[in-house]
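# Coordinate inspection notes
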Amino acid sequence: MSEYIPSTAKWVREQVELYEGSGGTQGTTLKESGLPVIIVTHRGRKSGAIRKTPLMRAVDDGKYILVASMGGAPKNPVWYYNLKADPNVEIRDETNVFDMRVREISDSNEKQRLWDIAVAAYPPYQEYQDKTDRAIPVFIAEKSS
Ligand code: F42
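The sections below set out a description of the structure shown in this document. Since the model is a prediction, treat every value here as computed from it, not as a measurement.

## Examining the pairing of strand S6 (residues 96-104)
Where strand S5 (residues 88-93) and S6 come together, 6 bridges link them in antiparallel fashion. The partner of Asn88 across the bridge, within S6, is Arg101. With 5 bridges joining them, S6 and strand S7 (residues 138-143) adopt antiparallel strand pairing. When the bridges of S7 are listed, Glu104 appears paired with Phe139.

In structure tokens, the structure reads:
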């Protein structure tokens, strides 16, 4: 069983600990925004370690939209590369945990459709995209079992 290596970002590490430690009953929103958050458990592509990444919850027809926004930073978050290397993830949505498989959306029309749903769920995504030349990647996560 690979070890879990927490995020290097304290606030992220603490949210994961509260969220999972409470069985998905606490720490399930983004700070004062009150907007819902999910936890994506994935595998480090170099370490093979278990990694856990909170993301905003955006759902389309039972599938989760994962937005590698990283606050509009010029570079993709590292978890983006982990998901590309191993698409099999676990998503915790409050008290529900699902085995899912992710795929990056490359079709521009489909990406725009999902992007609009994600922005409706978390409006700052649009500000992040507006402030960077990086095309913020979007994944869809579908139930694998
Ligand atoms: N980030 C988003 O991009 N989108 C969101 O919607 C979002 C929402 C959100 C809500 C709550 C919250 O607490 C955090 C939220 N975040 C959101 C932040 C998100 O959880 C991540 O912290 C952020 O996206 C940065 O992800 P990251 O994977 O770049 O994390 C860094 C800080 C990190 O943990 N780096 C590790 C380190 O040691 O530097 C490496 C992690 C890793 O995966 N290593 C790989 C391995 O093999 O283990 C190797 C990777 C490689 O290729 O080098």
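## Overview of the nonpolar core
Counting residues in each nonpolar core, the largest one holds 20 residues, and the members touching the most others are Ile65, Val67, Trp115 and Tyr125. Those elements that place two or more of their residues in this core are helix H1 (10-21), strand S1 (37-43), strand S4 (63-67), helix H3 (108-121), helix H4 (124-130) and S7. When residues of this core are assigned to their parent elements, the largest contribution, 4 residues, is made by H3. Once residues lying within four places of it in the same chain are set aside, the contact partners of Val67 are Leu55, Trp79, Trp115, Ala118, Tyr125, Ile136 and Pro137.

## What about H3?
If you check H3, its first and last C-alpha atoms are 20 Å apart, about what 14 residues at 1.5 Å a residue would give, namely 20 Å. Residues of H3 that are buried: Leu114, Trp115, Ala118 and Val119. Each buried residue of H3 sits inside an arc of 140 degrees when the element is viewed along its axis, so together they form one side. Turned more than 90 degrees away from the buried face of H3, the exposed residues are Asn109 and Ala120. Where H3 begins, the side chain of Asp107 points an oxygen toward the backbone nitrogen of Asn109, at a separation of 3.2 Å.

Definitions and cut-offs
- Residues numbered from 1 in each chain as written.
- Predicted model: local features only at pLDDT ≥ 70, side-chain atom pairs only at ≥ 80, totals over all residues.
- Heavy atoms only, no water.
- Pairing = 2+ DSSP bridges.
- Helix = DSSP H or I, 4+ residues; strand = E, 2+ residues; numbered from the N terminus.
- Core = buried A, V, L, I, M, F, W, Y, C linked by side-chain atoms within 4.5 Å.
- Buried < 20%, exposed > 50% of the residue type's maximum accessible area, 1.4 Å probe, protein only.
- Contact = heavy atoms within 4.5 Å.
- Expected span 1.5 Å × (residues − 1).
- Arc of directions from axis to C-beta.
- Polar contact = N/O pair within 3.5 Å; in protein donor to acceptor, adjacent residues only side chain to side chain.

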